[in-house]
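The primary structure of each chain is shown beneath.
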Amino acid sequence: MTLLRTCLFAIAGLMLGANVMAQSAGSGTVLDTLFAKLRSATDPTAIQSLEAAIWEQWVMVPDMGQRAMMMRGIAEMQQQELKASIETFTRLIDVAPDLSEAWNKRATAHWLMGNFTASLADICETVKREPRHFGAYSGLGMIRAEMGENDRAIAAFELARKWNPHIVGIDGEIERLKALGGDGSAGADPLGCGRPST
């Protein structure tokens, strides 16, 4: 779990440091291409570049005012002003509720503050809007594991691995949870997000 947590903190750092620029009209196609390449990549440098490019696509916001809010919220998180960042991302969600990364960023801030319930709710909103969000699934798995919900944790980690098979430490964490009796099944709603996993 320690290795996975370290890797997830690195992912959080990467997503906080990603450049935000105008979103292209074909961002869905760009993400499809990036994900296809990530799944088959074997070179560590290429994998790192593809992961960074996916995070960059996720934080792109076409509207200038919304982009300013995204940048403000990210800066507040970097400065450990977590309450302020939650307020900023809440305002962004209010004006752009379909922006998956606004939900994910707020989930991260809630997680950093130790508010698992709020973080889980926002992670579920993130994956409704972006079903390939391996960062959100990884965070979901960590929280479920810390709550002792091993089946749901495994299901979340397996979805993270499905979309990004290169997350360092995730295989070991899944095996650790299975050794504790988890099997990745939790009825009709393994993630606890009010819908079956995809």
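All figures in this text were calculated on a predicted structure; none of them were measured in a lab.

### Overview of the state of the cysteines
All told, the structure shown has 1 disulfide when counted by the stated rule. In this model, cysteine 124 is linked to cysteine 193 through a disulfide, with the two sulfur atoms separated by 2.0 Å. Here the S-S torsion is close to -75°, and the disulfide linking cysteine 124 with cysteine 193 is therefore left-handed. Of this pair, cysteine 124 sits in helix 7 (residues 116–129) while cysteine 193 is found in the segment after helix 10 (170–179), placing the two residues 69 residues apart along the sequence.

### Some thoughts on the confidence of the model for the protein
With 80% of its residues at a pLDDT of at least 70, the protein reaches an overall mean of 84. Helix 1 (residues 2–17) is the least confidently modelled element of the protein, averaging 45 in pLDDT, while helix 5 (residues 82–95) averages 97, the highest of any element. Low pLDDT (under 50) marks residues 5–26, which in the prediction has 45 contacts with non-local residues, meaning those over four places away or in another chain.

### Re the packing of helix 7 against helix 8 (residues 134–146)
Geometry of a packed helix pair, given as the angle between the helix axes and the separation of the axes. In contact at an axis separation of 10 Å, helix 7 and helix 8 are set at 145° when each is read in the N-to-C sense. Regarding helix 7 and helix 8, the two cross each other, and that crossing is left-handed. In contact with Phe116, Ser119, Leu120, Ile123, Thr126 and Val127 of helix 7, helix 8 contributes Ala136, Tyr137, Gly139, Leu140, Ile143, Arg144 and Glu146. The residue inventory of the contact of helix 7 with helix 8, partitioned by class, reads 8 nonpolar, 3 polar and 2 charged.

Calculation notes
Residues numbered from 1 in each chain as written. Predicted model: local features only at pLDDT ≥ 70, side-chain atom pairs only at ≥ 80, totals over all residues. Heavy atoms only, no water. Disulfide = S-S within 2.5 Å. Helix = DSSP H or I, 4+ residues; strand = E, 2+ residues; numbered from the N terminus. pLDDT = per-residue confidence, 0-100. Contact = heavy atoms within 4.5 Å. Axes fitted to C-alpha atoms, helices over the stretch in contact; angles between N-to-C directions. Left-handed = near helix turned anticlockwise from the far one by under 90°. Nonpolar A, V, L, I, M, F, W, Y, C, P; charged D, E, K, R; others polar.

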